[in-house]
Amino acid sequence: MGSCSRSWRPEVDAEGELCDMDVSGWIRTEFRSADFGDKRLTDRLVQLGDELGSSPAESIPAACDGWASTKATYRFCDNDSVDPNEILSAHKQAQWSRVNQTDELLVVSGTTELVFPRHPSKEGLGDIGNSTTDLEGVKVHSTIGIDPRTYRMTGVIDQQALIEDQQAGTKHDTNGKDEPTQLESEQEKWIRGDRQATNWLPEDVRPIFVHDRGADAFSFHAEVVEEIDDAGFVVRANQNRRIRTEDGEIDKLFDWSSDLPSEGRTTIEIQQGGGRQAREAELSIVTGTCELLPPQYAPAGKDPVTVNVVRVDEISEADDPIQWVLLTTESVEDLDDALTVIEYYGARWTIEDWHKVLKTGCEIEERQLQTWKRMEVLLSMYSVIAWKVLRLRKLARGETPTSPDVLLSEAERTVLEMKFPELCGHDGKAYAVSVAKLGGYLDRGSDPPPGWQTMWKGLNKLRMWAEGYELGTE
């Protein structure tokens, strides 16, 4: 891909201040409230976000307009006043309007590893290898919001960059430009992310924490039930822990759930990943209720935690059939309730897609800044850029009518309508599908919805066309 400029270039005055011109709406909304103590830094953040967002896979020199802008970008990332937490705080403030329109929010967390093989001199990295590999990098544990009505990602709520020193046996969150925060256990990152989400959410929005097996710890379940008012969770069980059944019998979770009577069946689409082929899976569903018994290391006097259970087993000849035991606070009184719990857990795959955008679409691991201090600033910006791509893909797949100006500028919409005249009068979904077509999507009746990589390619092509259109109308 060649170098390209931004489709919307904000006008700046002689002192570098942004004029009130046509800056991309989503950039202005997501970054404009950042407060670094100097308005020029906020203006630079808006410019930089737009530049990098227009060419996310390009190097910084290629994405920026000339060497002067490239140097300004490096200075911005190295400025002690630029806190990555503040960048995400601005995004969260913009996200507020998307969140407070719903009664509940799925709060999804996940961890990914960032490895920097092409730049071994980078300072501030930790150990992420194992007994057979020697790798330096960071583990990024992020918490995102998903609207349960539309299953659209509302944005990034929390991000922890975890640095581990395996020789010393310590792990800490870099915490932006503040003092690092030591983590006492592997489960602490899940609880910290959920606390951040709880403290940030509007009081009338109920959080439902949706996590994979890494969060399956008695301390997590007890905290949500006992400490967070009106919260819920859906967590995939990781261990065959001791339970007490409704009959008062002591049993093991996996053993007990395998003997529960069937409630029905359903089919779900399984995404490709981790050596697993994409497929449609038929699932058998059972439900029940039990008490999780405190482990031996729990403080004396800890009460059991009552949970509902949804177990799904794939009925197929697959080499690696699905088997989930989901622990939840949500109702499982009937099959529809159980299906809702399964859908909530399935929403967790959104964060895996978002990780792919960060790594493949934004090529965050290829960035050549020499210190993690600088890299963390870039990570916070690219995290928001990656959110936009997923929003666009959801727009192409969604059933709810949405205006096309949610994520496309006026110039982009005009160019798209010139290419596809039949778009006029249609909603945002039709526009998003047309963007995917520019990226190679065929849109045949038998084709699945477009993926994020196709959307990204189409969006980049559209931006270049929109820039040419704007230059021609000046």
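Quick note: structure is the one above.
This write-up is about the structure you can find in this document. Just so it is clear, the structure is predicted and the values come from calculations on it, not from any experiment. (Residues numbered from 1 in each chain as written. Predicted model: local features only at pLDDT ≥ 70, side-chain atom pairs only at ≥ 80, totals over all residues. Heavy atoms only, no water.)

What follows covers the overall build of the protein. Helix and strand content of the protein: 14 helices and 14 strands. Taking all 474 residues of the protein together, 54% fall into the buried category. Within the protein, contacts between residues at least 6 apart in sequence are counted, and of these 63% link residues at least 24 apart. Of the roughly 21,600 Å² of accessible surface on the protein, a fraction of 43% belongs to carbon and sulfur atoms. (Helix = DSSP H or I, 4+ residues; strand = E, 2+ residues; numbered from the N terminus. Buried < 20%, exposed > 50% of the residue type's maximum accessible area, 1.4 Å probe, protein only. Contact = heavy atoms within 4.5 Å. Areas by Shrake-Rupley, 256 points an atom, 1.4 Å probe, with all protein chains shown as cover.)

Okay, the pairing of strand E4 (residues 153–165) next. With respect to burial, E4 is a largely interior element, eleven of its 13 residues being buried. Pairing geometry for strand E3 (residues 136–146) and E4, over eight bridges, is antiparallel. Paired with Gly145 across the bridge in E4 is Gly155. Linkage of E3 to E4, two consecutive antiparallel strands, is achieved through a turn of six residues, within which Tyr151 is found at a positive phi near 60 degrees. Summarising the sheet, E4 and strand E5 (residues 170–173) pair through four bridges and their orientation is antiparallel. Note that in E5 the partner of Glu164 across the bridge is Lys171. (Pairing = 2+ DSSP bridges.)

When you line up the elements, Ser434 lands in helix H13 (residues 428–438). Here the alpha-carbon distance between Ser434 and Met455, two residues 21 residues apart in the chain, equals 9.3 Å. If we ignore the near neighbours within four places in the chain, the residues touching Ser434 are Leu416, Phe420 and Leu423.

Relative to the helices and strands, Asp313 resides in strand E13 (residues 305–314). Using a relative accessible area of 23% as the deciding quantity, one classes Asp313 as partly exposed. Placed 32 residues apart in sequence, Asp313 and Ala281 show a C-alpha to C-alpha distance of 9.6 Å. Beyond its immediate stretch of four places on either side in the chain, Asp313 contacts Glu282, Leu283, Ser284, Ile322 and Gln323. At a separation of 3.0 Å, a polar atom in the side chain of Asp313 contacts the side chain of Gln323. (Polar contact = N/O pair within 3.5 Å; in protein donor to acceptor, adjacent residues only side chain to side chain.)

On the secondary structure map, Cys424 appears in the loop between helix H12 (410–419) and H13. Sequence separation of Cys424 and Thr414 is ten residues, and the distance between their C-alpha atoms is 9.6 Å. For Cys424, the contacting residues outside a window of four places in its chain are Glu417 and Tyr431.

One finds Trp354 and Met381 to be the most contacted residues of the largest nonpolar core, which totals 73 residues. With 13 residues, the single largest contributor to this core is helix H11 (residues 372–397). Residue contacts for Met381: discarding those within four places in its chain leaves Phe31, Leu45, Leu48, Leu52, Phe76 and Ile87. Val107, Phe218, Leu292 and Leu327 belong to the second largest nonpolar core, which has 33 residues in total. (Core = buried A, V, L, I, M, F, W, Y, C linked by side-chain atoms within 4.5 Å.)

A separate point is a negative patch on the surface. Residues Glu263, Glu333, Asp334 and Asp336 make up a contiguous surface patch of negative charge. With respect to the element layout, Asp336 can be found in helix H9 (residues 335–346). (Patch = residues over 30% accessible without salt bridge, like charges linked within 9 Å, V, L, I, M, F, W, Y side chains within 5 Å. Salt bridge = Lys/Arg side-chain N within 4 Å of Asp/Glu carboxyl O. Lys, Arg positive; Asp, Glu negative; His and termini not counted. Charge placed at Lys NZ, Arg CZ, Asp CG, Glu CD.)

Attention shifts here to unusual backbone geometry. Although it is not a glycine, Tyr151 adopts a positive phi angle of roughly 60 degrees. In this structure, Tyr151 sits in the loop between E3 and E4. The phi torsion at Asp230 lies on the positive side, around 55 degrees, for a residue other than glycine. Structurally, Asp230 is set in the loop between helix H7 (218–227) and strand E8 (232–236).

Direction vectors running N to C along helix H6 (residues 188–200) and H7 enclose 20 degrees, while the axes themselves pass 10 Å from each other. As the angle between them shows, H6 and H7 are arranged roughly parallel. Judged by the sense of rotation from one axis to the other, the crossing of H6 with H7 is right-handed. Where H6 abuts H7, its residues Ile191, Asp194 and Arg195 lie against Ser219, Phe220 and Glu223. Across the contact of H6 with H7, the residue classes break down as two nonpolar, one polar and three charged. (Axes fitted to C-alpha atoms, helices over the stretch in contact; angles between N-to-C directions. Parallel < 35°, antiparallel > 145°, perpendicular 65-115°, else oblique. Left-handed = near helix turned anticlockwise from the far one by under 90°. Nonpolar A, V, L, I, M, F, W, Y, C, P; charged D, E, K, R; others polar.)

What the rule picks out here adds up to 21 salt bridges. Glu291 is the partner of Arg244 in a salt bridge, and the nearest nitrogen-oxygen pair spans 2.7 Å. Separated by 47 residues along the polypeptide, Arg244 in strand E9 (residues 242–245) and Glu291 in strand E12 (residues 279–292) bring together distant segments of the chain. Each of Glu104, Arg206, Asp230 and Glu330 takes part in one network of salt bridges that share partners.

A word on the pairing of E5. Burial along E5 is one-sided: the residues Lys171 and Asp173 are buried and none of Thr170 and His172 is. As paired elements, E5 and strand E6 (residues 181–182) share two bridges and run antiparallel to each other. Across the sheet, Asp173 pairs through a bridge with Thr181, a residue of E6.

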